[in-house]
Amino acid sequence: MRRILFLALFALGLGLVPWAGGARAGQTFDNVKARGTLNCGVNVGVAGFSLPDSQGVWRGMDADLCRGVAAVMFGDASKVRFVPLTAVQRFTALQSGEIDVLIRQTTLTMTRDTTLGLRMVVVYLYDGHGFMVRKDAGLTDPKGMEGMTICLSPGTTNELVTTDWFRANNLRFTPLLQERMQDNAAALQAGRCDAIGTDATQLAALRSQFTRPGDYVILPQRFSKEPYGPVVRRDDQEWFDVVRWTISALIQAEELGVTSGNAEQLRQSPNPEIRRLLGVDPVLGQSLKLDPAWAYNLIRAIGNYGELFERTIGPNTPIGLERGLNRLWTDGGLMYSWPMR
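Being a predicted model, the structure only gives us computed values, none of them experimental. (Residues numbered from 1 in each chain as written. Predicted model: local features only at pLDDT ≥ 70, side-chain atom pairs only at ≥ 80, totals over all residues. Heavy atoms only, no water.)

## Description of the state of the cysteines
Formally: The criterion for a disulfide is a pair of cysteine sulfur atoms lying within 2.5 Å. Secondary structure elements are taken from DSSP: a helix is a run of H or I of four residues or more, a strand is a run of E of two residues or more, and numbering for both begins at the N terminus.
A complete count under the given rule lists two disulfides for this structure. One disulfide bridge connects Cys40 with Cys66, the sulfur atoms lying 2.0 Å from each other. Linking Cys40 and Cys66, the disulfide has an S-S dihedral of approximately -65° and is accordingly described as left-handed. In this pair, Cys40 is assigned in strand S1 (residues 38-43) and Cys66 in helix H3 (residues 61-74), connecting sequence segments 26 residues apart. Each sulfur of the disulfide joining Cys151 and Cys193 lies 2.2 Å from the other. Judged by the sign of its S-S torsion, about -105°, the cystine formed by Cys151 and Cys193 is left-handed. Separated by 42 residues along the polypeptide, Cys151 in strand S9 (residues 149-152) and Cys193 in the loop between helix H7 (181-190) and strand S11 (195-199) bring together distant segments of the chain. Disulfides within the protein chain link the bonded cysteines, taken in sequence order, as 1-2, 3-4.

Structure (structure tokens):
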């Protein structure tokens, strides 16, 4: 029965892998500390998120979040091993203990959180499913995509969202399923598919790498909620806390105006929130069993959330994304840190 359920869910594009209990419970935090290196699962290559540069150095938002967790644990952002994973591979790699944390444009969903022996941690980016088509197709409404061949990645929520939307609107489409999003991008440019369906941030990242990016448009409609977040095993509450509060500290730092450039100076601030965040008051580090300067090391390494966004996928990058829902709550967005006290 369990195998039948798994096959049915996978066929729907949920990308679920039944959990058989990989790593020993409660060991992740201690193992990472003892190893001295973080094993971080990332995408095999998406510009703005995780993509090796010409020197082989991983760049992008997800890559820098991996570095941030390493900075929190070791005070050294370089102590990370990047493990590139496809959508199909990602959960198995985490379940088996091959990686310590998955930071790979993964949508946080109820089923993933409750059936895989994994924990969805916290949102670091709000996104939504969309479609990219050729500009000369003249489309402004996805209902004009009747009969198109659409490139999708199996084992993703995007496969399910696309299937559901076309069925709900009584429209037909032909899926072209390929694991690597780069293969989907090549197929669209070669004319083997008419559109790509995936999260809007990924569409923008793919288009930025095209030879003629101006020949393609991302339709403005969004068809789902796709909150991205790190994923850890359901085996170590201490490790879950470290990853969750790493993301929260980046948001809190932006709220408080703490940046990579002024963090050292602001350790002299009389503001109690800033003093707690930067470890002058050691209470937050003690609660996580970390060095008091854990968040200070994080911010110095990769900046606050705003700096991270602007540097990797913001309007002045080739990706060119506006903050949108990823603005701070004080600016009309959804980014909000729990009180750090």
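## Concerning the pattern of salt bridges
In plain terms, the rule: By definition, a salt bridge exists where a carboxyl oxygen of Asp or Glu is found within 4 Å of a side-chain nitrogen of Lys or Arg. The rule is simple: take the accessible area with a 1.4 Å probe, protein chains only, and divide by the maximum for that residue type; under 20% is buried, over 50% is exposed, in between is partly exposed.
Scanning all chains against the criterion turns up 14 salt bridges. Here Asp113 and Arg119 are joined by a salt bridge, their closest N and O atoms 4.0 Å apart. You can call Asp113 partly exposed: its relative accessible area is 21%. The exposure class assigned to Arg119 is partly exposed, which follows from its relative accessible area of 22%. Here Lys289 ties to Glu238 by a salt bridge, and the two come within 2.5 Å at their closest N and O atoms. Residue Lys289 is located in the loop between helix H12 (283-288) and helix H13 (294-302), and its partner Glu238 is located in helix H9 (residues 237-256); the two are separated by 51 residues in the primary sequence. Residue Lys289 is classed as exposed on the basis of its relative accessible area of 54%. In this structure, a network of salt bridges that share partners links the residues Asp64, Arg67 and Arg311.

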